[in-house]
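Chain and residue survey
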Amino acid sequence: MASTKDRSIIRDIALAPEGHLKIDWVNAHMPVLNRIREQFEKEQPFKGLKVAISLHLEAKTAYLAKVVQAGGADVTICGSNPLSTQDDVCAALVEDGITVFAKYNPDPQEYKDLLIKTLETEPDLIIDDGGDLVTILHSERKDLLKNVRGGAEETTTGILRLKSLEKEGQLQFPMVAVNDAFCKYLFDNRYGTGQSVWDGINRTTNLVVAGKTVVVVGYGWCGKGVAMRAKGLGANVIVTEIDAIKAVEAYMDGFAVMPMVEAAKVGDFFVTVTGNRDVIRGEHYQVMKDGAILSNAGHFDVEVNKPELEALAVSKRTVRRNIEEYKLADGRKFYILAEGRLVNLAAGDGHPAEIMDMTFALQAMSLKYVNDNYKQIGSKVVNVPYELDEQVARFKLAAMGMGIDTLTEQQKSYLDSWAEH
């Protein structure tokens, strides 16, 4: 049988030493996942199974792959975004016996080919990000469905695609909606996105945020985190929304709320976090001020409409790594970060290790859950069981040296009874 080095498609195996250092660093800061790894090494829940993973391929993801491998799995991994793959991490994984089909910044066709090669390993279980693996399996490569028992999905975008498949009666196996777990959206989406987005923007632009006007497009859990961190950096924050309840929430959290066409006139930084397309488009470019910086933290690069901006521009150039300048006929210049892709991963290292510790612990436990229960679950989208969600939180508290109270038997009886109040 060919070695993982022979099977893999990566940039350069010689980059592995730096990748190992990155993985070792996050390993030291992911105590919850370390605890799960110990369990997996003893229990071998994936022994004899093939697992395909499509996630942003950087060090934290690499360590998740190694934890799944420790559970007995034959693991194959690819990236879930062309610009978030780190070539040194890919090389390190190959040296550690994991098959990798991923490179930084492949062209669109090569990127898709790498996804397909991952699926051609005929996996029993999958971990997906944005629904790319599931979509390919249910459209052009149905021949690869036969072994798939189920999987877990990381993102809001992916869950929307899964629920659409389920609604149409097309979903062929169970998927666990990891993004909808408390320990995912309360911490990863809010604190992880909030910090990593500004890390990506700040390291890319080297500009001050304090005193500037930041427009956050969308006030879901990711938008809440981005707005909160922008406020902490001293920005004046405007939120745009289509949901009246979220708009009121943003207002009561202390932010200005207005339609995008009005916010576009005053924004210095724009961050889109909606999961939808064209939330910044032609009509907004018409009124934006010179020097506006546009970035996206949603899964796909469709939130900032680049074709409409290119149609308005008379010139385009790269002025700094991950910054494209678009000059309009009237002299105004706009800047798009990381080609409109996920700014926190395409122009940064993604969420902090301690945050992804909880999310990837959920992924590992959800993968075991779906493998243990796929026949009973059937072909549908299910939530992470609450006991798994809470277990991750308890592991996290223990890792931080914290404890919490427990109910006495009398208190339990009081809460369970209608007659004793």
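Source: prediction; values computed, not measured.

**Notes on the sheet that holds strand E3 (residues 99-101)**
- Read across the open sheet, the 7 strands follow the order E3-E2-E1-E4-E5-E6-E15; overall the sheet is parallel. Strands at the two margins of the open sheet, each flanked by one partner only, are E3 and strand E15 (381-383). Recorded for the sheet is a direction-independent mean angle of 20° between the axes of neighbouring strands.
- Taken together, the 3 bridges between strand E5 (residues 150-153) and strand E6 (residues 175-177) define a ladder with parallel strand orientation. From the neighbouring strand, Gly-151 faces E6, where its bridge partner is Met-175.
- On top of the sheet, helix H6 (residues 108-119) reaches strand E1 (50-54), strand E2 (74-78) and E3; it is set at about 170° to E2, its chief contact.

**Overview of the nonpolar core**
- In terms of nonpolar packing, the biggest core is built from 57 residues, with Leu-33, Ile-36 and Val-100 touching the most fellow members.
- Sort the elements by how many residues they give to this core and helix H16 (residues 353-377) lands first, with 11 residues.
- Filtering out sequence-adjacent residues up to four positions away, Ile-36 remains in contact with Val-67, Ala-361, Ala-364, Met-365 and Phe-395.
- Counting residues in hydrophobic clusters, the runner-up holds 29 residues, among them Val-209, Ala-235, Val-343 and Ala-347.

**Quick notes on the UniProt feature "domain: S-adenosyl-L-homocysteine hydrolase NAD binding" (unreviewed entry) in the chain**
- Residues given the UniProt feature "domain: S-adenosyl-L-homocysteine hydrolase NAD binding" (unreviewed entry) here are residues 189-350.
- Between the end C-alpha atoms of residues 189-350 there is a gap of 11 Å, over a span that is 35% helix and 24% strand.

**Thoughts on unusual backbone geometry**
- A positive phi is found at Asp-278, a non-glycine position, where the angle reads about 60°.
- By secondary structure assignment, the location of Asp-278 is in the loop between strand E10 (269-272) and helix H13 (282-285).
- Of note in the backbone geometry, Asn-322 takes a positive phi value of approximately 70° without being a glycine.
- Its location among the elements puts Asn-322 in the loop between strand E12 (313-320) and strand E13 (323-328).
- Classification of Asn-322 as buried rests on a relative accessible area of 17%.

Conventions we followed
Residues numbered from 1 in each chain as written. Predicted model: local features only at pLDDT ≥ 70, side-chain atom pairs only at ≥ 80, totals over all residues. Heavy atoms only, no water. Pairing = 2+ DSSP bridges. Helix = DSSP H or I, 4+ residues; strand = E, 2+ residues; numbered from the N terminus. Axes fitted to C-alpha atoms, helices over the stretch in contact; angles between N-to-C directions. Contact = heavy atoms within 4.5 Å. Core = buried A, V, L, I, M, F, W, Y, C linked by side-chain atoms within 4.5 Å. Buried < 20%, exposed > 50% of the residue type's maximum accessible area, 1.4 Å probe, protein only. UniProt positions renumbered as here; feature names shortened; annotations may be inferred.

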